[in-house]
Amino acid sequence: TSIGKYFTYNLSSKKISTTTINSSYWNQEPITDIEFLSKDIFVISSTVGIVIINHETQKIAPNKWKGGIKKILIDKDSVYLARSASVLKQSLKDLLLDSDPEKQKSQLVLQKRTFSICKDLHNDIWLGTMDGIYKRTKNSFEKYFSNVTSRITSIKFTKDNDLIFSSDIDGVYCYKNGILKHITTADG
């Protein structure tokens, strides 16, 4: 991805095509995430908003409250938006609609700066925030590792559902069979 552009690689022709997002404010910031809704429809986020691409058609969400997005997670008929100051959950069908401040409050699931979001093999949702890892329990998010307090920039699960997450200043963590291993530059 690039600022205001995305690239598509055609497996048959082995050619790359470049598409520019048709909005002046999209030329200001890089694309932060791409999530597919189906084979031909995908959502692109940036710190300036969201656009849904269906083939060559672009639908841009109003910019009032969809800014600052770091990551997107599609969960059945809902979408989680990990943003600069919070995580919002809203209906997927409402993704392109504007929202008033009262509705936005009802969509708030965590008021923390969040950088990463993912689901494990049991469909539990995990968040990487400014102060560690949070996991969805029932209808709220709870801090998961009390001893991890650094900014978590990436979260992934292995095919065996082992948790791997990293901090931009504090190394990599691996959680397997109830044991959390912290790997730093001191470990090589």
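The sections below set out a description of the structure shown in this document. Sequence order as written defines residue numbering, which begins from 1 separately in each chain. Owing to the predicted nature of the model, reporting of local features is limited to residues with pLDDT of at least 70; listing and counting of side-chain atom pairs is limited to 80 or more, with chain, interface and lining totals taken over all residues. Only hydrogens and water are set aside when side-chain values are computed; all heavy atoms of the structure are taken into account.

### So, the side chain of Asp-120
Reasoning step 1: For Asp-120, the location among the structural elements is in the loop between strand E11 (114-119) and strand E12 (125-129).
Reasoning step 2: Buried and unpaired, Asp-120 has Lys-135 as its nearest opposite-charge partner, separated by 5.2 Å.
Reasoning step 3: Within the structure, Asp-120 has its side chain in polar contact with the backbone nitrogen of His-122 (distance 2.9 Å).
Reasoning step 4: Polar contact is the term for a pair of N or O atoms within 3.5 Å; when the atoms are in protein, one must be able to donate a hydrogen and the other to accept it, and sequence-neighboring residues count only if both atoms are side-chain atoms. Within the structure, the side chain of Asp-120 is placed 3.1 Å from the side chain of Trp-126, a separation counted as a polar contact.
Reasoning step 5: Here, two residues are considered to be in contact whenever any of their heavy atoms come within 4.5 Å of each other. Ignoring any residue separated from it by four or fewer positions in sequence, one finds Asp-120 in contact with Trp-126, Phe-157 and Asn-161. Helix and strand assignments come from DSSP, with helices taken as H or I runs of at least 4 residues and strands as E runs of at least 2, each series counted from the N terminus. Any residue under 20% of the maximum accessible area for its type is buried, any over 50% is exposed, and the rest in between are partly exposed; the area is computed with a 1.4 Å probe on protein chains only. The positive count covers Lys and Arg only, the negative count covers Asp and Glu only, and His and the chain ends enter neither. Here, a salt bridge means any side-chain nitrogen of Lys or Arg that lies within 4 Å of a carboxyl oxygen of Asp or Glu.

### Some remarks on the nonpolar core
Reasoning step 1: Buried Ala, Val, Leu, Ile, Met, Phe, Trp, Tyr and Cys residues form a nonpolar core when they are joined through side-chain atoms within 4.5 Å. In terms of nonpolar packing, the biggest core is built from eleven residues, these being Cys-118, Trp-126, Ile-133, Phe-145, Val-148, Ile-152, Ile-155, Phe-157, Leu-163, Phe-165 and Tyr-173.
Reasoning step 2: Elements represented by at least two residues in this core include exactly strand E15 (152-157) and strand E16 (163-167).
Reasoning step 3: It is E15 that provides the largest number of residues to this core, a total of three residues.
Reasoning step 4: Leave out the neighbours within four places in its chain, and Cys-118 touches Leu-73, Asp-124, Ile-125, Trp-126, Ile-155, Lys-156 and Phe-157.

### Focus on the pattern of salt bridges
Reasoning step 1: Following the criterion strictly, the structure yields six salt bridges and no others.
Reasoning step 2: The salt bridge involving Asp-75 is made with Lys-119; its shortest N-O contact spans 3.1 Å. One end of the pair, Asp-75, is in strand E7 (residues 69-75); the other, Lys-119, is in strand E11, with 44 residues separating them in the sequence.
Reasoning step 3: Among the residues examined, Asp-75 registers a relative accessible area of 8% and is labelled buried.
Reasoning step 4: By relative accessible area, Lys-119 is classed as partly exposed at 27%.
Reasoning step 5: In this structure, the salt-bridge partner of Asp-131 is Lys-112, at a minimum N-O distance of 3.3 Å. In this pair, Asp-131 is assigned in the loop between E12 and strand E13 (132-137) and Lys-112 in the loop between strand E10 (108-110) and E11, connecting sequence segments 19 residues apart.
Reasoning step 6: Look at Asp-131 and you get partly exposed, because its relative accessible area is 23%.
Reasoning step 7: On the basis of relative accessibility, which here comes to 27%, the residue Lys-112 falls in the partly exposed class.
Reasoning step 8: When salt bridges with common partners are traced through the structure, they connect Asp-75, Lys-119 and Arg-136 into a single cluster.

### Concerning the state of the cysteines
Reasoning step 1: Note on terminology: pairs of cysteine sulfur atoms within 2.5 Å are recorded as disulfides. What the rule picks out here adds up to zero disulfides.
Reasoning step 2: Cys-118 takes part in no disulfide bond, and the closest cysteine sulfur to it belongs to Cys-174, at a distance of 14 Å.

### Considerations on a nonpolar patch on the surface
Reasoning step 1: Patch membership is restricted to residues that have no salt bridge and whose relative accessible area is over 30%. Joining uses 9 Å for like charges and 5 Å for the nonpolar side chains Val, Leu, Ile, Met, Phe, Trp and Tyr. Every accessible area reported is derived by Shrake-Rupley at a probe size of 1.4 Å, with residue values counting cover from the shown protein chains alone. On the surface, a nonpolar cluster with roughly 480 Å² of combined accessible area is contributed by Phe-7, Tyr-9, Leu-11 and Ile-16.
Reasoning step 2: When you line up the elements, Ile-16 lands in strand E2 (residues 15-20).
Reasoning step 3: The exposure class of Ile-16 is exposed, given its relative accessible area of 61%.

### Concerning the sheet that holds strand E5 (residues 49-54)
Reasoning step 1: In space, the four strands of this open sheet follow the order E3-E4-E5-E6, with antiparallel pairing throughout. The open sheet terminates on both sides in strands that have one partner only, identified here as strand E3 (31-36) and strand E6 (57-60). Within the sheet, the average angular offset between the axes of one strand and its neighbour, ignoring direction, is 20°. DSSP-based pairing: two strands are paired if at least 2 bridges between them are found. Here an angle of 0 to 180 degrees is reported between the N-to-C directions of two axes, which are lines fitted to C-alpha atoms, with helices fitted over the stretch in contact.

### Observations concerning the side chain of Thr-19
Reasoning step 1: With respect to the element layout, Thr-19 can be found in strand E2.
Reasoning step 2: The class for Thr-19 is buried, based on a relative accessible area of 11%.
Reasoning step 3: Ignoring anything within four residues of it in the chain, the contact list for Thr-19 reads Gly-4, Lys-5, Tyr-6, Glu-56 and Gln-58.

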